[in-house]
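# Understanding the architecture of this molecule
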Amino acid sequence: MILEVGSTIVMAGIAGWAYLKQNGPATNDAEKIQRIFANTGMMVKEQGKTKTIRLQKKRTVEGGTEYVYQLPLGMSSKQVQEAKHVLEDGLNVRHEYLEFNPSDLKNIRWNENVFPQIKQMIEPKKSKKEIDIDFDGMLKIRVYNEPLSDYLQWNDSYFSTGWRVPVGENRKGFIYHDFAKTPHIIVAGTTGFGKSQYLKMLVTSLITQQPNYVHLSLIDLKGGTAFQRFSNMQQVEYYGRNPVEARQILQTVQQNMNTMLEKIVESGFEDTREAGIKDRHFIIVDEAADMAQDGICMDIVADIARRGRGAGYHLIYCTQYPTNETIPSQVRPNIGARVCFKLKTNIQSRAVLDEGGAEDLPEIRGRAIYQLNKNIIVQTPYMTNDEISDLIAPFMRKGGPHEQTIVSKTKSNRQHSLEFEEA
Ligand SMILES: Nc1ncnc2c1ncn2[C@@H]1O[C@H](COP(=O)(O)OP(=O)(O)O)[C@@H](O)[C@H]1O
Ligand SMILES: [Mg+2]
């Protein structure tokens, strides 16, 4: 009896599978992608004829498959990039029977209960494919069978040299940002996805890689405490925690920058590099939206973004509320790189990346888009606070944390000095 019912189910399963194979949903990724293109209207009309994106070739890449397409004239790769989540969802849609393979039947253990075995066979297999879209004249869609690792423990081998600092791991390897080539970065992302952690990792990397030449101005706004642990480092010149301190710090930094630029020009050079000056200054603002209302602050931010490079001044500007107000148009074009964690809306994503995408990132802490010339999805390494403390310990100012001031300028060779109350 059981055998009879079992074999009826099996036969029905086979019939259903055969039917769907012909008429039902696409069964392989190339077909699915083609259907998605058609269903989302990714085609152009030319002389009455419909031209679609055409598959040119397919090849195996590490962890997946790459499909190379030719775009019809008149269609932009951006249209496909923006439909990335539609493609990804489509590739992960589950179809009953779809994954059923009749040859699996030979594995049935008929002497055991066959129902759970058949159920498991016809039940959709979990699929978690991820894709990457690139355009270099040809549209390349890489479909990966496994998602990018959702956690990356920090490892000291991620440190680099010079002003090249860690960003995160993607499928092709570890990605770095080089401040010598692209002087400023915007960091954005909804609260809780790893912005401050990333900034702390950056600060630790800069101190570890360039202890003698890095000069830091750290501004924690919105009640943040990300930079508290660095406030007593030899490399930290200014540290502030509210909009008033932020303004004082920015004004002082701007004066210092002007003095440096004058010095360089008077000596007949164009920039720090030509002048052989190795010192570099980093102004790092966490939760910058809190000072976006302050015109003076924002003018200085724009000025550093515009003129900082020549004087060796770098800006790392971080916000959880990216809008055209918090990242104004005078700042945006002068900041060449972005590290963007998950955002809530397409509009926010556009305010940071000039395109959608950050709203479609999975809800994974440390998952971000690094944008330079193109978008690279990375998992940023997680450096724990204990690791940070160990790494920066050798650079603690003598005298211990009790001498710590909210904003301090304690190096003896400084020209400008700001003193505020004890922390
Ligand atoms: N790269 C990462 N990998 C894994 N977990 C992370 C990572 N970065 C941050 N986290 C976790 O997420 C929490 C929030 O991170 P945080 O940097 O404070 O976010 P944000 O500043 O964006 O609000 C942290 O306490 C930490 O537990
Ligand atoms: Mg934060």
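My aim in this report is to walk through the structure given alongside it, one point at a time.

About the thresholds
Residues numbered from 1 in each chain as written. Chains lettered and ligands numbered in written order. Predicted model: local features only at pLDDT ≥ 70, side-chain atom pairs only at ≥ 80, totals over all residues. Heavy atoms only, no water. Buried < 20%, exposed > 50% of the residue type's maximum accessible area, 1.4 Å probe, protein only. Helix = DSSP H or I, 4+ residues; strand = E, 2+ residues; numbered from the N terminus. Arc of directions from axis to C-beta. Contact = heavy atoms within 4.5 Å. Polar contact = N/O pair within 3.5 Å; in protein donor to acceptor, adjacent residues only side chain to side chain. 1 Å grid on protein atoms, 1.4 Å probe; cavity = no way out; pocket = protein on both sides within 12 Å on 5 of 7 lines; lining within 4 Å. Points joined across faces, edges and corners; volume = space filled by probe spheres on them. Nonpolar A, V, L, I, M, F, W, Y, C, P; charged D, E, K, R; others polar. Domains from an automatic or database assignment.

## Points about helix H2 (residues 29-39)
Along an α-helix, a turn takes 3.6 residues, which lines up residues three or four apart on a common side. For H2, the complete set of buried residues consists of Asp29, Ala30, Lys32, Ile33, Ile36 and Phe37. The arc that holds every buried residue of H2, seen down its axis, measures 165 degrees, which confines them to one face. Looking at the buried positions of H2, the neighbouring elements they touch are strand E1 (43-46), strand E3 (54-61), strand E4 (64-70), helix H3 (77-82), helix H4 (84-92) and strand E6 (139-144). Backbone nitrogen of Ala30 and a side-chain oxygen of the N-cap are separated by 3.2 Å at the start of H2; the cap is Asn28. Directly beyond the C-terminal end of H2, a positive phi value near 70 degrees is found at Gly41.

## Side note on unusual backbone geometry
With a phi close to 45 degrees, Gln47 is a non-glycine residue in the positive phi region. Along the chain, Gln47 falls in the loop between E1 and strand E2 (49-52). Accessibility expressed as a relative area gives 78% for Gln47, which makes it exposed. Not every positive phi belongs to a glycine, and Lys222 is a case in point at roughly 55 degrees.

## A look at the layout of surface pockets
Taken as a whole, the largest pocket spans an internal volume of roughly 1000 Å³. If you go around the largest pocket, you meet 42 residues; those closest to its centre are Lys84, Ile131, Asp132, Ile369 and Ile377. Elements represented by at least two residues in the lining of the largest pocket include exactly H3, H4, strand E5 (130-135), E6, strand E15 (367-371) and strand E16 (375-379). Take the lining of the largest pocket: its biggest share by element is six residues, from E5. Taken together, the residues of the lining of the largest pocket break down into 13 nonpolar, 10 polar and 19 charged. Two domains each donate at least three residues to the lining of the largest pocket, and these are domain 1 (2-144) and domain 2 (156-403). Lining of the second largest pocket is provided by 22 residues; of these, Gly192, Phe193, Gly194, Gln197 and Tyr382 occupy positions nearest its centre.

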